[in-house]
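What the coordinates show
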Amino acid sequence: MSNIGVVLPAQAAQNALTPINDWGENPSKLELQVYAPTKVATKPAIILALHFCGGTGPVYAQTTKYNTLADTKGFVVLYPSSKKDNNCWDVATAKTLTHGGGGDSTGLANMIKWAITKYDADPVKVFVTGSSSGCMMSNVMAATYPELFAAVSCYSGVAAGCLAGSPGSSPQSADPTCASGKNVKTGAQWATQLRAMYPGYNGSYPRIQTWHGEADNFVNYPNLAEQLKQWSAVLDVPFTKNNTNTPQSGYTQLVYGDGTKLVGYSAKGVGHTVPAHEDSDLKWFGL
């Protein structure tokens, strides 16, 4: 859940981040900075990029290549910041684990709605990514506001609801059962928990791509299997095959169905966290 092991692969793009002070209801007092390239595409895509514990939006912008890619592709990147519980995203309380519940998920959803209007963005090209706590929150956003997102690609997280009821969401405050990989359920149980986060919703859920290091002893490796069980049940796609050394040596791609709705990546020898594979993210997003 921290930034332990994060690789710093990219320098920040030249354009500065723009702080946004009012994007609508913000019940948990999140902060927001936006990266809009000099030439924003017509009907641009929006990427919500969620930082790790101990981080901030601007730090995550500096440790990834999304801004540089935005300069080429013309999409807009939202970099929120959580300022509570060691700068971790709330993935534990009933407020954030409920559609319209008034937690972090509500504030983040309102950022998306604001950005779609502000940039005349394509509402079917909205995506979410994040690392560690940011991946945990990516799964929560896909569960609580599925109608907003087309796809998710995130790193070293846990299933949506894994920390439900925990005293907090940071390494210092959380019940350790989830991060240690000991919160084990069937796919059906995970799916029931996820669907309860948005009662009455009968629409589609976003496509999911999730990455995890086999040597992760911080947010332990079994959490990859729990995420995949959850989304396999929700998206109704069974496991079909493994592709070794994909997208690079030492990584195994776990394919569900025909590979268009759900894939996992297991990274041999990689701890916490898996470095962002931004080009793979954009490919999964269709950008």
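Residues numbered from 1 in each chain as written. Predicted model: local features only at pLDDT ≥ 70, side-chain atom pairs only at ≥ 80, totals over all residues. Heavy atoms only, no water.

Per an unreviewed UniProt entry, the protein goes by the name Carboxylic ester hydrolase and belongs to Lasiosphaeris hirsuta. As its UniProt record puts it under Subcellular location (unreviewed entry), the protein is described as follows: "Secreted". (UniProt positions renumbered as here; feature names shortened; annotations may be inferred.)

Overview of the overall build of the protein
A count of helices and strands for the protein gives eight helices and ten strands. Taken over the C-alpha trace, the protein has a radius of gyration of 17 Å; the compact-globule value for 287 residues is 19 Å, and the two agree within 12%. Summarising its shape, the C-alpha atoms of the protein cover approximately 45 × 40 × 35 Å along the three principal directions. A total of 287 residues make up the protein; the buried ones form 57% of that total. Within the protein, contacts between residues separated by at least 24 positions form 73% of all contacts whose residues are at least 6 apart in sequence. Accessible surface for the protein amounts to roughly 11300 Å². Of this, 51% is attributable to carbon and sulfur atoms. Within the protein, one finds 20 positive and 19 negative side-chain charges whose respective centroids are separated by 3 Å. (Helix = DSSP H or I, 4+ residues; strand = E, 2+ residues; numbered from the N terminus. Rg over C-alpha atoms; globule rule 2.2 N^0.38 Å. Buried < 20%, exposed > 50% of the residue type's maximum accessible area, 1.4 Å probe, protein only. Contact = heavy atoms within 4.5 Å. Areas by Shrake-Rupley, 256 points an atom, 1.4 Å probe, with all protein chains shown as cover. Lys, Arg positive; Asp, Glu negative; His and termini not counted. Charge placed at Lys NZ, Arg CZ, Asp CG, Glu CD.)

Some words on unusual backbone geometry
Residue Pro247 follows Thr246 across a cis peptide bond; omega there is 5°. Along the chain, the position of Pro247 falls in the loop between β8 (239–244) and β9 (251–256). Geometrically, the link from His272 to Thr273 is a cis peptide bond, its omega value of 10° lying close to zero. Inspection of the secondary structure assignment puts Thr273 in the loop between β10 (262–267) and α8 (278–285). Positive phi outside glycine occurs at Asn86, with the angle close to 60°. Judged by its relative accessible area of 42%, Asn86 is partly exposed. Positive phi values are uncommon outside glycine, yet Asn245 reaches one of about 50°. Relative to the helices and strands, Asn245 is located in the loop between β8 and β9.

Description of the packing of helix α3 (residues 104–118) against helix α4 (residues 133–144)
Contact geometry of α3 with α4 gives a least axis separation of 10 Å together with a crossing angle of 75°. The angle between the axes of α3 and α4 places the two elements in the roughly perpendicular class. When α3 is examined against α4, the residues Asp104, Ser105, Leu108 and Ala109 are found in contact with a partner set consisting of Met137, Met141 and Thr144. When grouped by side-chain class, the residues that make up the contact of α3 with α4 number four nonpolar, two polar and one charged. (Axes fitted to C-alpha atoms, helices over the stretch in contact; angles between N-to-C directions. Parallel < 35°, antiparallel > 145°, perpendicular 65-115°, else oblique. Nonpolar A, V, L, I, M, F, W, Y, C, P; charged D, E, K, R; others polar.)

A few points about the packing of aromatic side chains
For the structure shown, the criterion picks out ten aromatic pairs. Considering the side-chain rings of Trp211 and Tyr251, the 6.2 Å spacing of their centres and the 75° angle between planes classify their relative orientation as edge-to-face. With Trp211 in strand β7 (residues 207–213) and Tyr251 in strand β9, this pair connects stretches of sequence that are 40 residues apart. Pair check on accessibility: Trp211 and Tyr251 agree, each one buried. The ring of Trp284 carries Arg207 above its face, with NZ or CZ at 5.1 Å from the centroid. (Phe/Tyr/Trp six-rings, centres within 6.5 Å; stacked < 30°, edge-to-face > 60°. Lys NZ or Arg CZ within 6 Å of the ring centre and 35° of its normal.)

Re the pairing of β10
Judged by how many residues are buried, β10 sits mostly within the fold: six of six residues are covered. Burial of the side chains of β10 extends over both faces: Leu262, Gly264 and Ser266 are buried on one face and Val263, Tyr265 and Ala267 on the other. Direction of pairing for β7 relative to β10: parallel, over a ladder of six bridges. For Gly213, the partnering residue across the bridge sits in β10 and is Ala267. Linking β9 back to β10 in an antiparallel pair, the connection comprises five residues, with Gly257 at a positive phi of about 60°. (Pairing = 2+ DSSP bridges.)

Description of the sheet that holds strand β4 (residues 76–81)
Across the sheet, ten strands lie side by side as β1-β2-β4-β3-β5-β6-β7-β10-β9-β8; this open sheet has mixed pairing. Each edge of the open sheet carries a strand with a single partner, namely β1 (18–20) and β8. The sheet shows a mean angle of 20° between the axes of neighbouring strands, direction not considered. Each of β3 (46–50), β5 (126–131), β6 (151–155) and β7 touches α4; the most contacted strand, β5, lies at about 150° to it.

Focus: the environment of Thr38
Of note, Thr38 is situated in the loop between β2 (31–35) and β3. We classify Thr38 as exposed; its relative accessible area is 69%.

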